[in-house]
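These are the residues of each chain, in order.
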Amino acid sequence: MSIVKKSLLAASLGLLLAQAPAQAESLTKVVIGSSGWTGFAPLNLAVDKGFFKNHGLDVEIKFIPVKDRLLAYAAGSLQCAATTIDTFVAWNTNKVPISMIFLLDMSHGADGIAVRNDINSIADLKGQTIAVETPGASPYFLLSYIMHKNGIKMSEIKTNTLSPQAAAQAFVAGQGVAASTYEPYLSTIRDNPQAGKILATTVDYPAIIDFLGCEPEFLKANPKVGTALVNGYQDALNFIKSDETEAFTIMGAKVKQSAEQFKQSASFLTWKTKEDSKAYFANDILPFMQETVEILFDTKVIRTKPDNLEAMYDASYVN
C-alpha cells in the first residue's frame, strides 16, 4: 500500500473514531418503566434491535412492579412508563403528571380470572377470596371492571394480594378459589386445566388497554423524543411481521419463554400501530377514561374525580 493510500486510510479511520463519540453523545437517554407483560415486549425488541437508536434515543427498559413503578417515576428515575389507561388516570389524579403518547396494545384474552371448576359465574365469586395484585395495578382494575359490569361491589368479595406471576403459580398449586392475572402467567393456568378454568377474560370485558406515557416537562424539553419513541416502536412491529421467529425468540427470552410459548401468549392480544393510536385518540379514549374514573373512584383508588381528562394525553406524536 502506498504512503498516500495509508495516509488516506488513517485519516478516514480517525474521522470515524472522532465521529463515534459525538454520535453516541447525541442520543437522548430515556428510561422506561415496564413489566414482563407480553404486550410491552416490542419495546424490548426495539431496544435489542437498535430501532430506538436509529431515531436518536438511548432507551433503557426497567422491569418494575406497578406500585414501585409509580415511586420510581415520581422520584425522577424514569422518564416514561408503559402501563394501562386506568393506571395513567390514577397517577394523574393523584398529582403525578404523566402524558399518554401512543397506544401499545389491547388485550383480547391475555388478562382474565381463573376459578376452580365448581365456580360457574361471576355471581358465584361473591364472598370468595381472589388472588390479585395491589389496587392500582391492571389485574385489580380488570377484576373491579368485571365486578362493576355484573353489579357486584368490590366490598362483596375478598382479595389476597399477590403479583400476577405468584397468583397464577398459587392457583395451579391448588391455593385459593380464584386468581386475576395476565399473560404469560395466565397460560400457566391454561396449560394446567386440572387446576381450574378461565371464567372471564378481556374478550368478554375489553378493559386492558396499554399506552406509553412520558413526563410532560421531559417531552417539552426534548421535542423530538415522543415521535422517536413512536417510530422506534413501529419499527419493532414491522420487524415482527418480517421475521416473526427471531422477534419472538428475542421477546420471549425476556420472560424465559421459548419463541413458541411467546407466540401463544401473544395470540391473546394485539399490538397497535401508529394509525391505531391516531384512531383511538380520535374516537375512543375519552369515553373509556370516563368509565374508568367511575370505577377507580368507587374502589377508592382515587379519592377525587379529575376535571380535565384531555390533559392526560397528547395525540400530537401520532398525528
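Above this text you will find the structure in question.
Just so you know, these numbers come straight off a predicted model, no measurement behind them.

Caption draft 1: Region of the structure containing the sheet that holds strand E5 (residues 111-115). Strand order in the open sheet made by the 5 strands is E7-E6-E8-E5-E9, with mixed pairing throughout. Each of the sheet's edge strands pairs with one partner strand only, and the pair in question is strand E7 (158-161) and strand E9 (197-201). In this sheet, adjacent strand axes meet at a mean angle of 30° when their direction is disregarded. The pairing of strand E6 (residues 129-132) with strand E8 (residues 178-182) spans 2 bridges and is parallel. Across the sheet, residue isoleucine 130 finds its bridge partner in E8, namely alanine 178. Along the sheet, helix H7 (residues 164-172) contacts E5, E6 and E8; its crossing angle with E8, the most-contacted strand, is approximately 140°.

Caption draft 2: Local environment of the nonpolar core. Formed by 108 residues in total, the largest nonpolar core has its most connected members in Ile85, Phe211, Leu212, Leu229 and Trp271. Residue contributions to this core peak at 9 residues, all from helix H10 (residues 225-242). Beyond its immediate chain neighbours, meaning those up to four positions away, isoleucine 85 contacts Met100, Ile209, Phe211, Tyr280, Ile285, Phe288 and Met289.

Caption draft 3: How the structure looks around the state of the cysteines. Applying the stated criterion to the full structure yields 1 disulfide. There is a disulfide in this structure between cysteine 80 and cysteine 214, and the S-S distance comes to 2.2 Å. Taking the sign of the S-S torsion, about 100° here, the bridge from cysteine 80 to cysteine 214 comes out right-handed. Of this pair, cysteine 80 sits in strand E3 (residues 80-84) while cysteine 214 sits in strand E10 (residues 209-214), placing them 134 residues apart in sequence.

Caption draft 4: How the structure looks around the environment of alanine 315. Summarising the element assignment, alanine 315 is placed in the segment after helix H14 (285-298). Distance in space between the C-alpha atoms of alanine 315 and alanine 279 is 10.0 Å, their sequence separation being 36 residues.

Caption draft 5: Just the sheet that holds strand E1 (residues 28-34), in detail. Pairing is mixed in the open sheet, where 6 strands are placed in the order E2-E1-E3-E10-E4-E11. Across the chains shown, the open sheet's two edge strands, defined by having one partner strand only, are strand E2 (57-63) and strand E11 (269-271). This sheet shows a mean twist of 25° between the axes of neighbouring strands, independent of strand direction. Bridge analysis of E1 against E3 gives 2 bridges, and the strand direction is parallel. Across the sheet, residue isoleucine 32 finds its bridge partner in E3, namely cysteine 80. Set on the sheet, helix H4 (residues 66-74) makes contact with E1, E3 and E10; between it and E3 the angle comes to about 150°.

So, how was this worked out
- Residues numbered from 1 in each chain as written.
- Predicted model: local features only at pLDDT ≥ 70, side-chain atom pairs only at ≥ 80, totals over all residues.
- Heavy atoms only, no water.
- Pairing = 2+ DSSP bridges.
- Helix = DSSP H or I, 4+ residues; strand = E, 2+ residues; numbered from the N terminus.
- Axes fitted to C-alpha atoms, helices over the stretch in contact; angles between N-to-C directions.
- Contact = heavy atoms within 4.5 Å.
- Core = buried A, V, L, I, M, F, W, Y, C linked by side-chain atoms within 4.5 Å.
- Buried < 20%, exposed > 50% of the residue type's maximum accessible area, 1.4 Å probe, protein only.
- Disulfide = S-S within 2.5 Å.

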